[in-house]
Amino acid sequence: METETLGLLSGIGHLPVDVAKSAKERGCRIVAIGVVPDIDPELPEVADVYYDIHIGKIGKIISTLKKNNVKIVTMIGKVTKEILYKKGAIIPDMRALKILSSVPDRKDDTIMNAIVKELESEEIFVMDQTYLIKPLMPGPGVLTKRQPTPEELAKAMDMSVERV
């Protein structure tokens, strides 16, 4: 059976390393791309293949993913729009310029969703990042030394019923 290859577009923070480790535990081959400066230095060590490609070079990111037979990708870690619009940072490629000129606003989520759409137009599926971080999340229960009072517990139960 062929090993699944997962593309990991990484921003700042340690969470991309944790996601890479979680995916490797599931038997995935990791192709990580650091899309901003200051990526956690452990990521290249954890990934099977690692590249530094600025988020403004969408065409190169896509061609690198395809060259590595990546069909599924996740995006994790802090990446802000300022890195795309900062004067003197990097000149975006034509594909990034097309994306940036097509968005109705400059909100981080709007830009991210446009990038997701562009990846998926190339048949690179963007998976939900929470799938690989669920093992890192605490289970239900009290997470502090102090137990809740009966009143606090009742209030928490009321709040959870309201959400349903």
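Remember, predicted model here, so these are calculated numbers, not experimental data.

What counts, and at which threshold
Residues numbered from 1 in each chain as written. Predicted model: local features only at pLDDT ≥ 70, side-chain atom pairs only at ≥ 80, totals over all residues. Heavy atoms only, no water. Buried < 20%, exposed > 50% of the residue type's maximum accessible area, 1.4 Å probe, protein only. Helix = DSSP H or I, 4+ residues; strand = E, 2+ residues; numbered from the N terminus. Pairing = 2+ DSSP bridges. Right-handed = clockwise from strand over helix to strand, strands pointing away. Polar contact = N/O pair within 3.5 Å; in protein donor to acceptor, adjacent residues only side chain to side chain. Salt bridge = Lys/Arg side-chain N within 4 Å of Asp/Glu carboxyl O.

Undergrad: What should I look at first to understand the pairing of strand β1 (residues 5-10) in this one?
TA: Along a regular strand, successive side chains alternate from one face of the sheet to the other. Taken across its six residues, β1 has six buried, putting it largely inside the fold. The alternating pattern of β1 places Thr5, Gly7 and Leu9 on one face and Leu6, Leu8 and Ser10 on the opposite face, and all of these are buried. Where β1 lies against strand β2 (residues 29-34), six bridges are found, and the strand directions are parallel. Bridge pairing in β2 links Gly7 to Val31. Of the crossover connections in this fold, the one passing from β1 over helix α1 (residues 15-25) to the parallel β2 is right-handed. Bridge count for β1 against strand β4 (residues 72-76) is five bridges, and the pairing is parallel.

Undergrad: What am I meant to see in the side chain of His54 here?
TA: Inspection of the secondary structure puts His54 in the loop between β3 (49-52) and α3 (58-67). Within the structure, His54 has its side chain in polar contact with the backbone nitrogen of Gly56 (distance 2.8 Å).

Undergrad: Could you clarify how one ought to interpret the pattern of salt bridges in this entry?
TA: Here the structure, examined in full by the defined rule, presents seven salt bridges. Among the salt bridges present, the one from Arg95 reaches Glu122, with a minimum N-O distance of 2.5 Å. Of the two residues, Arg95 is situated in helix α5 (residues 94-102) and Glu122 in the loop between α6 (108-121) and β5 (125-126); the sequence distance between them amounts to 27 residues. The partly exposed category is assigned to Glu122, whose relative accessible area is 23%. Through salt bridges that share partners, Lys66, Arg95, Lys98, Glu118 and Glu122 make up one connected network.

Any functional reading would require information that these geometric values do not contain.
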